[in-house]
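Overview (structure and organization)
Below are the chains, spelled out letter by letter.
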Amino acid sequence: MSRRKTERLLNLVICLLATRRPLPAEQIRHAVPGYDRDSDEAFQRMFERDKNELREIGIPIDVVRDPWEDEPGYRIERQSYELPEITLEPDEAAVLGMAAQVWQRASLAEAASGALLKLRAGGVHTDDALGGVGGGLGGGALELRVDTRDPAFPALWQAVRDRKAVRFDYRGAGSENVHTRTVEPWGVVSRRGRWYVAGYDRDREAPRAFRLSRITGPVTTFGRPGSVQVPEGVDLRAMVAFPDEPASGRVAVVRVRQGTCEGLRQLARAVRPGADGWDEAELPFTDPERLAGWMASLGSDVEVAGPPDAREAVIRRLKGALA
Amino acid sequence: MSGSADRLPRLLALVPYLMSHPGAQVGEVAEVFGLTEKQLIDDLQLVWMCGLPGHTPGDLIDVSWDGGEILIDNADTIARPLRLGIDEASALLVALRMLAATPELAEVRGDALPRVVAKLERAAGEGAAAVSSQVAVDVDAAPDALPRVREALNSRRRLSLRYYVPGRDEVTPREVDPMRIVVADGRTYLECWCYRAEAMRLFRLDRMLGVEVLDEPANPPAEAEPIDVAQGVFRPSPADPLVELEVTAAGRWVAEYYPCEQVTELGEGRLRISLRARDDDWILKLALRLGDTGRVVSPLRMAERVREEAERSLELYARQT
């Protein structure tokens, strides 16, 4: 933005805030320096662009149509423009400063620091030094951080914000194929460091959650803002939670080479020392494939004695690793 | 906020800032706004050219910065900052809700959080409150080790712990001097000086199998500097050797789970992945776990080791038990 344009826009904001009655465009043209005095068309174009730019940065411009006037009038209502008075206690300021740090270098970092700047400009004392925030933890003893490095995050955040439907290419877990999905996003959720978008899947005609890292290519939004209805009381966290594995009560018997596999021994229900250099451990499990992945990774330090399906699954893995 | 496109929003925050901080120093204000002093002076000069319609000297904003002390007058129209945008308010509200769910913080500053959330929601308007409830950051429940880790931090004492490393299936005893708690992506870590590694380490609290607060005071060496976690908690060292893997669609989780140097699509969901391996054992375990859903391409020596270990393991199964 050129310096002249910034100047014109700042003068326009002041002019529209200062006026008591809505001003028609022609009056604004003369009151604000920098507008074209010769060509009506050039002025109209410029004025339209300026209004749009102000709206984009969140400035509410009222358009008032008076039945007795030909031209609409413009003004900015102070009440909807201004940050309301807000004061924070020192402990509140401390947690707010901490909240602003959470997005450090993530895609919402700019929004968070913009907010903090406005609050400070409004006379709010915010504490963005982490020192002391941890309180009982001692100075600077706590740091919180959330990552939003997924390229799909900004587009989905905007879609959720504007309540618009989205379309993206998605590869399901372990799937060879990519399918285009059309989703009405209800929200985005981070779980264990991974972001998900949860919403209504129009193709499956059911609620679904999608992991952002499995979205391939760009996210396109469509439809009018506000067209997505978020069902009342929807539990986004529950939509992305892995269902708890039903406790199957199954136990594998695993021979473990002595002096190895400390982690396994910690997680075993029981370990019986053997005489042949091998101990015998009882490991609770549910899914034989998951158990097999873990056991195969331990190589020749373990041998799954049973049950047979778990033993077979390990053998399959190891043969697969041979190929 | 130093780009020219952000200049107008910045000026609309700068003027109220100067009004609420009369006599603020050029250097200090420049720092708050992330500007050089020269850029700030340029902003002040621009503001000085603006004002009410008429634009007679009496209408213009009056700014002076004699001796580095900034005074502003005649700017009542824009004396208050612009209200928070939806993105701005939501970014803070989502983060605050996450803090509220974080066990490490909930106990310390418990009731300040709901108070700030309420105040911000009032200041931001309905839109932001609605959006921020559509974004959630899930935080794990308080790990068992937390109370003792916190006790050690508070009393500045050394910790003795047994730490489980799943990648190597090892439990190692360690003595550490705790420095701070880092909650990243919903997981809780202790950042500490580890005497076993003789380096700074981040240990996940839910992988601590035994924690004991020692009588010895924590006394980390001078070179104990905080780890920069901004680029992710686990960052492989550029000195670690590169390993190339090829995985099938069923093995794609590797690329999601570990930081990779390069990921290439090979069609049908297959990937070629190049990543840095902390040690050979870790790659060996990963390759065995993958079975036929992935294989080591290079180095050849590593591919050979995987084959040998798979053979050796299968021998156990060849004889009947």
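Residues numbered from 1 in each chain as written. Chains lettered and ligands numbered in written order. Predicted model: local features only at pLDDT ≥ 70, side-chain atom pairs only at ≥ 80, totals over all residues.

1. Thoughts on the overall build of chain B
Counted only if it meets this: The helix and strand labels rest on DSSP assignments: H or I over at least four residues marks a helix, E over at least two residues marks a strand, and numbering proceeds from the N terminus. Only C-alpha atoms enter the radius of gyration, while the globule expectation follows 2.2 Å times N to the 0.38, with N the number of residues. Exposure in this text rests on C-beta crowding, where 20 or more other C-beta atoms within 10 Å of a residue's own make it buried, 12 or fewer make it exposed, and counts in between make it partly exposed. The C-beta atoms are placed from the backbone. By definition, residues are in contact whenever their C-beta atoms, placed on the basis of the backbone, come within 7 Å of each other.
A count of helical and extended segments in chain B gives 11 helices and 13 strands. Radius of gyration (C-alpha) of chain B: 28 Å, far over the 20 Å computed for a compact globule of 321 residues. Principal-axis analysis of the C-alpha atoms places the extent of chain B at approximately 100 × 55 × 40 Å. Taken over 321 residues, chain B has a buried fraction of 40%. Taking as baseline every contact in chain B between residues at least 6 positions apart, the subset at least 24 positions apart corresponds to 58%.

2. Digging into the overall build of chain A
Broken down by element type, chain A carries 11 helices and 13 strands. What you see for chain A is a C-alpha radius of gyration of 30 Å, clearly larger than the 20 Å of a compact globule of 323 residues, by over 25%. Based on the C-alpha atoms only, the size of chain A along its principal axes is roughly 100 × 50 × 40 Å. Buried positions account for 38% of the 323 residues belonging to chain A. For chain A, long-range pairs separated by at least 24 residues make up 55% of all intrachain contacts whose partners lie at least 6 apart in sequence.

3. Brief notes about the interface of chain A and chain B
The following threshold applies: Residues are grouped as follows: Ala, Val, Leu, Ile, Met, Phe, Trp, Tyr, Cys and Pro are nonpolar; Asp, Glu, Lys and Arg are charged; every other residue, Gly included, is polar.
Facing 99 residues of chain A, the contacting portion of chain B comprises 100 residues. For the side of chain A that touches chain B, the element with the most residues is helix α1 (residues 3–18) of chain A, which contributes 11 residues. Taken together, the residues of the side of chain A that touches chain B sort by class into 52 nonpolar, 25 polar and 22 charged.

4. Observations regarding the environment of Gly186 of chain B
For Gly186 of chain B, the location among the structural elements is in the loop between β6 (170–184) and β7 (187–194). In the structure, Gly186 of chain B is positioned 118 residues away from Glu304 of chain B in sequence and 38 Å away in space, judged by C-alpha atoms.

5. Here we look at the UniProt feature "domain: WYL" (unreviewed entry) in chain B
Stated precisely, the cut-off is as follows: UniProt positions are given in the numbering used here, feature names are shortened, and annotations may be inferred rather than shown by experiment.
If you check UniProt for "domain: WYL" (unreviewed entry), the listed places come out as residues 145–213 of chain B in our numbering. Each end of residues 145–213 of chain B is marked by a C-alpha atom, and these two atoms are 11 Å apart; helix forms 14% of the span and strand 64%.

6. Considerations on the packing of helix α10 (residues 288–297) of chain A against helix α11 (residues 308–322) of chain A
Two quantities define a packed helix pair, namely the angle between the helix axes and the distance between the axes. Residue and element names in this part refer to chain A. Counted only if it meets this: As a rule, the C-alpha atoms of each element are fitted with a line to give its axis, helices using only the stretch in contact, and angles between N-to-C directions run from 0 to 180 degrees. Relative orientations are named as follows: roughly parallel for angles under 35 degrees, roughly antiparallel for angles over 145 degrees, roughly perpendicular for angles from 65 to 115 degrees, and oblique for any other angle. When the near helix sits turned anticlockwise from the far one by under a right angle, the crossing is termed left-handed; a clockwise turn instead gives a right-handed crossing.
Direction vectors running N to C along α10 and α11 enclose 50 degrees, while the axes themselves pass 8 Å from each other. Classified by the angle between their axes, α10 and α11 sit oblique to one another. The handedness of the crossing between α10 and α11 comes out as right-handed. Contacts between α10 and α11 pair Pro288, Glu289, Leu291, Ala292, Gly293, Met295 and Ala296 from the former with Asp309, Ala310, Ala313, Val314, Arg317 and Leu318 from the latter. Along the lines of polarity and charge, the residues of the contact of α10 with α11 split into 9 nonpolar, 1 polar and 3 charged.

7. Things to note about the environment of Leu117 of chain A
By the element assignment, Leu117 of chain A lies in helix α6 (residues 109–121). Residues in contact with Leu117 of chain A, not counting those within four places in the same chain, are Ala13 and Phe33 of chain B.

8. A few points about helix α3 (residues 40–56) of chain A
Residue and element names in this part refer to chain A. Convention followed: A helix is expected to reach a length of 1.5 Å times the quantity of its residues less one.
Along its 17 residues, α3 runs 24 Å from first to last C-alpha, staying within 8% of the 24 Å computed at 1.5 Å per residue. Counting buried positions along α3 yields 1 of 17 residues, so the element is predominantly exposed. In the stretch just after α3, Gly58 is the one whose phi turns positive, near 95 degrees.

9. Things to note about the sheet that holds strand β10 (residues 250–257) of chain A
Working definition: the strands of a sheet are paired by backbone hydrogen bonds and lie parallel or antiparallel to each other. Residue and element names in this part refer to chain A. Note the threshold: In this scheme, strands are said to pair when DSSP sees at least two bridges between them.
Read across the open sheet, the 4 strands follow the order β11-β12-β10-β13; overall the sheet is antiparallel. Every other strand in the sheet has two partners, leaving β11 (270–272) and β13 (302–306) as the edge strands with one partner each. Within this sheet the neighbouring strands show an average axis-to-axis angle of 25 degrees, counted without direction.

10. Overview of the UniProt feature "domain: WCX" (unreviewed entry) in chain A
If you check UniProt for "domain: WCX" (unreviewed entry), the listed places come out as residues 252–322 of chain A in our numbering. Counted over residues 252–322 of chain A, helix gives 44% and strand 31%. Its end C-alpha atoms are 24 Å apart.

11. Comments concerning the domain arrangement of chain B
The parts lose accessible area when they come together, and the size of an interface is often stated as this lost area. We apply this condition: An automatic or database domain assignment provides the domain bounds reported here.
Domain boundaries assigned for chain B yield domain 1 (4–78), domain 2 (86–132), domain 3 (146–217) and domain 4 (242–318). The C-alpha-based centres of domain 2 of chain B and domain 3 of chain B are spaced at 30 Å.

12. Quick look at helix α11 (residues 300–318) of chain B
All names here are of chain B. This is how the line gets drawn: Here the arc refers to the directions that run from the helix axis out to each C-beta atom.
When the terminal C-alpha atoms of α11 are compared, their 27 Å separation across 19 residues agrees well with the 27 Å that a helix rising 1.5 Å per residue should span. Among the residues of α11, those classed as buried are Met302, Val306, Glu309, Ala310, Ser313 and Leu316. One face of α11 carries all of its buried residues, which in axial projection span an arc of 105 degrees. Away from the buried face of α11 by more than 90 degrees, exposed residues Leu300, Arg301, Glu304, Glu315 and Ala318 are located.

13. Some thoughts on the sheet that holds strand β1 (residues 23–24) of chain A
All names here are of chain A. Spatial strand order, β1-β3-β2: 3 strands in an open sheet with antiparallel pairing. Both edges of this open sheet fall to β1 and β2 (62–64), since each of them pairs with a single strand only. Direction of pairing for β2 relative to strand β3 (residues 73–75): antiparallel, over a ladder of 3 bridges. If you follow Val63 over to β3, its bridge partner there is Tyr74.

14. So, the domain arrangement of chain A
Per the domain assignment, the segments making up chain A are domain 1 (3–81), domain 2 (90–137), domain 3 (153–240) and domain 4 (250–322). Centre-to-centre separation of domain 1 of chain A and domain 4 of chain A, based on C-alpha positions: 74 Å.

15. Concerning the nonpolar core
Rules: Each nonpolar core comprises buried Ala, Val, Leu, Ile, Met, Phe, Trp, Tyr and Cys residues, the members being joined through C-beta atoms within 7 Å.
Within the largest apolar cluster, 132 residues are counted, with the highest numbers of intra-cluster contacts made by Leu92 and Ala95 of chain B. With 10 residues, the single largest contributor to this core is helix α4 (residues 86–101) of chain B. Apart from residues no more than four positions distant in its own chain, Ala95 of chain B is found in contact with Ala99, Val102, Trp103 and Ala112 of chain A. Ranked by size, the runner-up nonpolar core spans 39 residues in total, among them Cys261 and Trp294 of chain A together with Leu286 and Ala310 of chain B.

16. Comments concerning unusual backbone geometry
The omega torsion of the bond from Gly306 of chain A to Pro307 of chain A falls at 5 degrees, within 30 degrees of zero and hence cis. As for its position among the elements, Pro307 of chain A is in the loop between β13 and α11. A cis amide bond links Ser298 of chain B to the next residue, Pro299 of chain B, at an omega of 0 degrees. For Pro299 of chain B, the position within the fold is in the loop between β13 (294–298) and α11. Here Arg163 of chain A, not a glycine, exhibits a phi torsion of approximately 55 degrees, which is positive. On the secondary structure map, Arg163 of chain A appears in the loop between α7 (153–162) and β5 (165–171). On the basis of neighbour count, Arg163 of chain A is assigned to the buried category, with 20 C-beta atoms found within 10 Å. The phi dihedral of Glu198 of chain B is positive, around 50 degrees, even though this residue is not glycine.

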